[in-house]
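Architecture at a glance
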Amino acid sequence: MFTKILIANRGEIACRVAATARRMGIRTVAVYSEADAGAKHVAVCDEAVCIGPAAAKESYLRAEKLIEVALATGAQAIHPGYGFLSENAEFAKACAEKGLVFIGPPASAIDAMGSKSAAKALMEKAGVPLVPGYHGDQQDTAFLNAQADAIGYPVLLKASAGGGGKGMRVVEKSADFADALASCKREAINSFGDDKVLVEKYLQRPRHIEIQVFADTHGNCVYLFERDCSVQRRHQKVIEEAPAPGMTAERRQAMGEAAVAAARAVGYVGAGTVEFIANQEGSFYFMEMNTRLQVEHPVTEMITGTDLVEWQLRVAAGEQLPAQQAALQINGHAIEARIYAENPEKGFLPSIGTLKYLRTPEAVEFSLGQGNEPAAFRIDSGVREGDTISPFYDPMIAKMIVWGKDRTEALARMRQALAQYRIVGLHTNIAFLSRLMHSAPFTQADLDTGLIERHHDSLFPAAVPPTAAVLALAVAGLLQNEQQAGSDPWQSSHGWRMNLPLIRTLNFSEEEQQIAVSLQYGAGGAHQLQAGDTKCAMQIRQAQAGQIQLSLDAHTISGEVIWDGEKVHVFTGGQHTELHYHDPLAHAGDAEAEGGRLTAPMPGKIVAVMTEKGRAVKKGEPLLIMEAMKMEHTISAPHDGEIAEILYAVGDQVSEGAQLLAFAQTH
Ligand code: ADP
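Everything numeric here is computed off the predicted structure, so don't read it as measured data. (Residues numbered from 1 in each chain as written. Predicted model: local features only at pLDDT ≥ 70, side-chain atom pairs only at ≥ 80, totals over all residues. Heavy atoms only, no water.)

What follows is about the pairing of strand β1 (residues 4-7). Residues K4 and L6 point to one face of β1 and I5 and I7 to the other, with burial holding for every one of them. Two elements, β1 and strand β2 (residues 27-33), share four bridges in a ladder whose sense is parallel. Bridged to I7 within β2 is A30. Each parallel crossover has a hand, and for β1 linked through helix α1 (residues 11-23) to β2 it is right-handed. Examined bridge by bridge, β1 and strand β4 (residues 77-79) share three bridges and lie parallel to one another. Bridge pairing links I5 to A77 in β4. (Buried < 20%, exposed > 50% of the residue type's maximum accessible area, 1.4 Å probe, protein only. Helix = DSSP H or I, 4+ residues; strand = E, 2+ residues; numbered from the N terminus. Pairing = 2+ DSSP bridges. Right-handed = clockwise from strand over helix to strand, strands pointing away.)

Let us now look at unusual backbone geometry. Here Y153 and P154 are connected by a cis peptide whose omega angle stands at 0°. Mapped onto the secondary structure, P154 falls in the loop between α7 (141-151) and β7 (155-159). The residue after A242, namely P243, is reached through a cis peptide bond having omega -5°. Relative to the helices and strands, P243 resides in the loop between β12 (236-242) and α9 (249-265). Although it is not a glycine, H235 sits at a positive phi angle of roughly 60°. Following the sequence through the fold, H235 ends up in the loop between β11 (221-233) and β12. You can call H235 exposed: its relative accessible area is 56%.

Moving on, we come to the domain arrangement of the protein chain. The domain architecture assigned to the protein chain consists of domain 1 (4-103), domain 2 (132-201), domain 3 (207-459), domain 4 (468-582) and domain 5 (597-665). Domain 3 and domain 5 are separated by 43 Å when their C-alpha centres are compared. (Domains from an automatic or database assignment.)

This part covers the pattern of salt bridges. Enumeration according to the criterion identifies 44 salt bridges in this entry. Across the pair D46 and R22 runs a salt bridge whose closest N-O atoms are separated by 3.2 Å. Of this pair, D46 sits in the loop between α2 (40-44) and β3 (47-52) while R22 is found in helix α1, placing the two residues 24 residues apart along the sequence. D46 gets classed as partly exposed once you look at its relative accessible area, which sits at 34%. A single network of salt bridges, built from pairs that share partners, joins R16, R23, E301, D307, E310, R314, E319, R378 and D380. (Salt bridge = Lys/Arg side-chain N within 4 Å of Asp/Glu carboxyl O.)

Let us now look at the sheet that holds β4. Sheet architecture is open: five strands sit in the order β3-β2-β1-β4-β5, paired in parallel fashion. Strands at the two margins of the open sheet, each flanked by one partner only, are β3 and β5 (101-102). Strand direction decides the pairing type here: β2 and β3, joined by five bridges, are parallel. Within the sheet, the bridge partner assigned to Y32 lies in β3 and is C50.

Here the focus is empty space enclosed by the protein. Overall, the coordinates contain two cavities of 30 Å³ or more when judged by the stated rule. Approximately 60 Å³ is the volume found for the largest cavity. Contributing to the lining of the largest cavity are A468, L471, A472, V517, L529, Q530, A531, T534, C536 and L552. Residue assignment for the lining of the largest cavity shows that the elements contributing at least two residues are α17 (468-485), β27 (527-531) and β28 (534-544). Grouping the constituent residues of the lining of the largest cavity by class yields eight nonpolar, two polar and no charged. Considered as a void within the structure, the second largest cavity measures approximately 30 Å³ in volume. Surrounding the second largest cavity, P80, G81, S86, F102, I103, G104, P105, T291, R292, L293 and Q312 form its lining. (1 Å grid on protein atoms, 1.4 Å probe; cavity = no way out; pocket = protein on both sides within 12 Å on 5 of 7 lines; lining within 4 Å. Points joined across faces, edges and corners; volume = space filled by probe spheres on them. Nonpolar A, V, L, I, M, F, W, Y, C, P; charged D, E, K, R; others polar.)

And the structure:
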């Protein structure tokens, strides 16, 4: 076995690999970009080497540099994780040439699966079922159109060299074919430098079912059953589970054997995934093979009781597979949800920023847990509280994985886990995932790749005003804060003096909605709250470090209240509400203060600086242009004044609220 490996990746997968290596007594070398100097994967490895600036091209994608670091640190092998160089045949070759073990398949197998057309031709020979279609070399329009007519509409055109959902066109009828082909070829040549396309039958309401395979260098090859990854947005997986609901033993065996045949056909070694597209009634067709470990591998680990990274390391070191097919069994059900820093309400746009507050359900990390049963809750994450999600890399925060004896138990645990996951500081998809986990189609396992789009209305309900419970918790949180700060304006007697009630109006807002809450202090803490027409009696039972319990009329309510500047985050009943509190004292004198600080309205990149230090400017004069969310925003002078300092340069990334320049107002 190796004594030292280099992990050529970052984030959760780098931490994941390090956890298994540590358990096996293998030393680890982390590599990191300048943006990742303080990252978790650097902290959990035994050694770490900086390999360049933040941009992946200049760091994690530098094959030569990675090999140089491996040789210099005495690592015997390189684990590429997923993404970056994990499916780069040149890198695998270069490792071998320098006497390093690439923990993955041989370069020839990566190459064989690189082109969709070539892979399909290979699979056809190996007897693996294919989607009806044409994937040959003839590319003239009339010929392909005739092929499509023979297949029957709708058909799907795919760029042979494509990936990531790009270069695909659905064609509904023969009359549309020529135009769609021309446009598909244009996109293919622009994106992949190769305009070769293939034509397939476009399946209706298909499911994405993939098989985990594993092969060693001794001729053994097994399948570790299937994962259902049908819940996707823009052809990207959101939820994965194993086993696939509704799978029969016969079909599982047929798909498993087809996947093993696919792996054997390319001389596969190590962990691989054969992706199939399946009809609702169960027929399945080869789509592509991913020649690496997948993001969703933990669900397979949980139901098979295996550590796939350990298998990878053993196979790469020349050992036999740790188990043969007959010894592999499915135990229970596992579901994984990908927690992303993104805004589902804004088309799943990535959200960058700092994880100011992070509380997770109690869970094991990167492992199966201990004992006879797998752990019920597992979290694989590459970030900690205080870390930032930067615009340079994938905005995944964590993978929440649950295990249960059956799907019902696993689903209940996922709902519970998401309700306990608390993040303040950036947008996340947690509430969206929670709605998905409570939705009828997911609960009933009525799965297909169009689930999210088809149920868009129920998954993206119109915003509802905050409930009385949320407002009461926010008010209680405010009172607790004021008490701690000694700034409660009514603190001497908690607002109650000489039998006269005292009334305060507290102004909150949610999005554009203004919410005024009137608080009437009562003797012994028996307060009255009123918001709109709703009146409640509120009594705080317990309030400690944001954990609040109160009674509201006849109900007992508990929740957590976290302050982030003037934003108050209320977590209760599995819901997260963000309110803005308008503190009348904090805003006194704002007008002057604002003149001296010009801040970024949202995270973005500086694309132009139109002024310089010391320059006198007129009110309304454009000073800076930043690009955020694919649009340009001009920052202009709020008054006549002078530029005291410019704090960023063109090309810099700025976070939301960052001061961009200092401004001295002229009077
Ligand atoms: P990419 O390599 O770009 O990810 P894939 O061939 O893996 O492309 O397909 C991505 C997704 O597109 C699949 O998960 C599925 O949702 C959809 N898809 C692919 N082929 C078909 C087909 N023949 N019919 C219907 N949907 C398809």
